[in-house]
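Given next are the chains, with one letter for each unit.
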Amino acid sequence: MSDYYVWIEYYAAAPVSRNVKSNELKYFTGHQHGVQPTQEQVDDLQSSLTNNVTTAYEDYNAKNPANLAAAPTNDAITQARVVKTRSAH
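None of these values were measured; they are calculated from a predicted model.

Q: I keep staring at the overall build of the protein and nothing clicks. Help me out?
A: Helices and strands together make up the secondary structure of the protein, namely three helices and four strands. The linear arrangement of helices and strands in the protein, starting from the amino end, is β-β-β-α-α-α-β. Its C-alpha atoms give the protein a radius of gyration of 15 Å, clearly above 12 Å, the size a compact globule of 89 residues would have. Along the first, second and third principal axes, the C-alpha set of the protein runs to 50 × 25 × 15 Å. For the protein, restricting intrachain contacts to residue pairs at least 6 apart in sequence, the fraction spanning at least 24 positions comes to 65%. For the protein, the accessible surface area stands at approximately 5,600 Å², while carbon and sulfur atoms represent 48% of it. Once the 7 positive and 9 negative side-chain charges of the protein are each reduced to a mean point, those two points are 8 Å apart.

Q: What exactly am I supposed to notice about the side chain of Ser2 here?
A: Residue position: Ser2 is located in strand β1 (residues 2–12). On the basis of relative accessibility, which here comes to 3%, the residue Ser2 falls in the buried class. A polar contact of 2.8 Å, which involves the side chain of Ser2, links it to the side chain of His89. Apart from the residues lying within four places of it in its own chain, the contact partners of Ser2 are Phe28, Thr29, Gly30, Ala88 and His89.

Rules and cut-offs
Residues numbered from 1 in each chain as written. Predicted model: local features only at pLDDT ≥ 70, side-chain atom pairs only at ≥ 80, totals over all residues. Heavy atoms only, no water. Helix = DSSP H or I, 4+ residues; strand = E, 2+ residues; numbered from the N terminus. Rg over C-alpha atoms; globule rule 2.2 N^0.38 Å. Contact = heavy atoms within 4.5 Å. Areas by Shrake-Rupley, 256 points an atom, 1.4 Å probe, with all protein chains shown as cover. Lys, Arg positive; Asp, Glu negative; His and termini not counted. Charge placed at Lys NZ, Arg CZ, Asp CG, Glu CD. Buried < 20%, exposed > 50% of the residue type's maximum accessible area, 1.4 Å probe, protein only. Polar contact = N/O pair within 3.5 Å; in protein donor to acceptor, adjacent residues only side chain to side chain.

Don't take any of this as a statement about function, it's just geometry.
In structure tokens:
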């Protein structure tokens, strides 16, 4: 049996310049080719992603007080997010 996981990622542009990911969610257990998470499952990860992006910007700003970067809005993160999946046996 395989477990299938989904998460979402956001690329924090320069000057932060890093990929930030949400928590992972196990969305299916079993054996089924082509299984995909529902839109609701993906959307449920948004708050985790937004929190992690905000933290990435806070960390950057703490280390670079002379070059502060404004964190993107939740809407901007939602529009630019990328859905990722993986399976584990």
